[in-house]
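The residues making up each chain are set out below.
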Amino acid sequence: MATNRFSSGSGPTQRQLRVGELMRRTLSEVLQRGDVHNDVLRAMSITVGEVRVSADLRVATVYVLPLGGKDADEAMVALNRSKGELRHHVGKAMKLKFAPELRFMLDETFDRMDETRRLLSDERVQRDIAKPDDEDDDQDLG
C-alpha cells in the first residue's frame, strides 16, 4: 500500500519541531516582556513548556504552566482571552504563510514526574527492583 505524504506518520517532522520551538520561544518572550494587553497575564509568570504543531502548521497546542502552578484556571482564561493578540505576535515574528490557531493546555509534565518519582520510591517497587546477589548467580548458572 502506498503511503501518502499527508499521512500522520510516526511522529512530528523536523519542520513541525522547528516551528514549534520557534513559537515556544516567541510566546515566552512576549509573555515575559508583558507585550499583551491583559493585566492578569502581565501580573503572572507563565512558563511555556512545549508547543506542538499540526502537520499542516495551522493549529498549535501550547502547553503552559503558571509559576508554582498557582492560579492555573485564571491563567488559562486570560490566555484564551488574549489568544488573538498572541497569535498576532507569533505571526509577526515568524515568516509563515498563516499564523497558527493557538490552543492552550495546562502542562502536566511536572505533576507526572512527581507521581513517577513517588511510585519509584515506594517500598514495594524498590523491593522488586533490588535483586539479591545470590539470585543473579543462580540465573547465570542455569
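Further up the page is the structure itself.
None of the values given here were measured: they were computed from a predicted structure.

Calculation rules
Residues numbered from 1 in each chain as written. Predicted model: local features only at pLDDT ≥ 70, side-chain atom pairs only at ≥ 80, totals over all residues. Heavy atoms only, no water. Phe/Tyr/Trp six-rings, centres within 6.5 Å; stacked < 30°, edge-to-face > 60°. Lys NZ or Arg CZ within 6 Å of the ring centre and 35° of its normal. Helix = DSSP H or I, 4+ residues; strand = E, 2+ residues; numbered from the N terminus. Polar contact = N/O pair within 3.5 Å; in protein donor to acceptor, adjacent residues only side chain to side chain. Contact = heavy atoms within 4.5 Å. Buried < 20%, exposed > 50% of the residue type's maximum accessible area, 1.4 Å probe, protein only. Axes fitted to C-alpha atoms, helices over the stretch in contact; angles between N-to-C directions. Parallel < 35°, antiparallel > 145°, perpendicular 65-115°, else oblique. Left-handed = near helix turned anticlockwise from the far one by under 90°. Nonpolar A, V, L, I, M, F, W, Y, C, P; charged D, E, K, R; others polar.

*Asks:* Looking at this model, I keep getting lost on the packing of aromatic side chains. Mind explaining?
*Replies:* Two numbers describe a pair of aromatic rings. These are the distance of the centres and the angle of the planes. Under the counting rule described, the total for this entry stands at 0 aromatic pairs. Sitting over the ring of Phe-98, Arg-58 keeps its end group 3.8 Å from the ring centre.

*Asks:* I keep staring at the side chain of Gln-16 and nothing clicks. Help me out?
*Replies:* Here Gln-16 shows up in helix α1 (residues 14-33). Within polar-contact distance, the side chain of Gln-16 engages the backbone oxygen of Ser-54 at 3.4 Å. If sequence neighbours within four positions are ignored, Gln-16 has contacts with Gly-11, Val-53, Ser-54, Ala-55 and Leu-57.

*Asks:* Could you clarify how one ought to interpret the environment of Ser-82 in this entry?
*Replies:* Within the secondary structure layout, Ser-82 lies in the loop between α3 (72-81) and α4 (83-93). Classification of Ser-82 by relative accessible area gives buried; the value is 6%. Taking the C-alpha atoms as reference points, Ser-82 and Asn-38, separated by 44 residues in sequence, lie 7.1 Å from one another. Other than its neighbours up to four places away in sequence, Ser-82 contacts Val-36, Asn-38 and Leu-41.

*Asks:* I keep staring at the environment of His-37 and nothing clicks. Help me out?
*Replies:* Tracing the sequence through the fold places His-37 in the loop between α1 and α2 (39-43). Expressed as a C-alpha distance, the spacing of His-37 and Leu-86, which sit 49 residues apart in the sequence, is 9.8 Å. When sequence neighbours within four positions are dropped, the list of residues in contact with His-37 reads Arg-42 and Glu-85. In this structure the side chain of His-37 is engaged in a polar contact, spanning 2.7 Å, whose partner is the side chain of Glu-85.

*Asks:* Please explain the packing of α1 against α4 as it appears in this structure.
*Replies:* Contact geometry for α1 and α4: axes closest at 10 Å, N-to-C directions at 125°. Considering the angle they form, α1 stands oblique to α4. At the point where α1 passes α4, the crossing takes the right-handed sense. In this structure, α1 contributes Met-23, Thr-26, Leu-27, Val-30 and Leu-31 to the contact, and α4 contributes Leu-86, His-89, Val-90 and Ala-93. Residue classes in the contact of α1 with α4 are distributed as 7 nonpolar, 2 polar and no charged.

Fair warning: the whole summary comes from geometry, so function is off the table for now.
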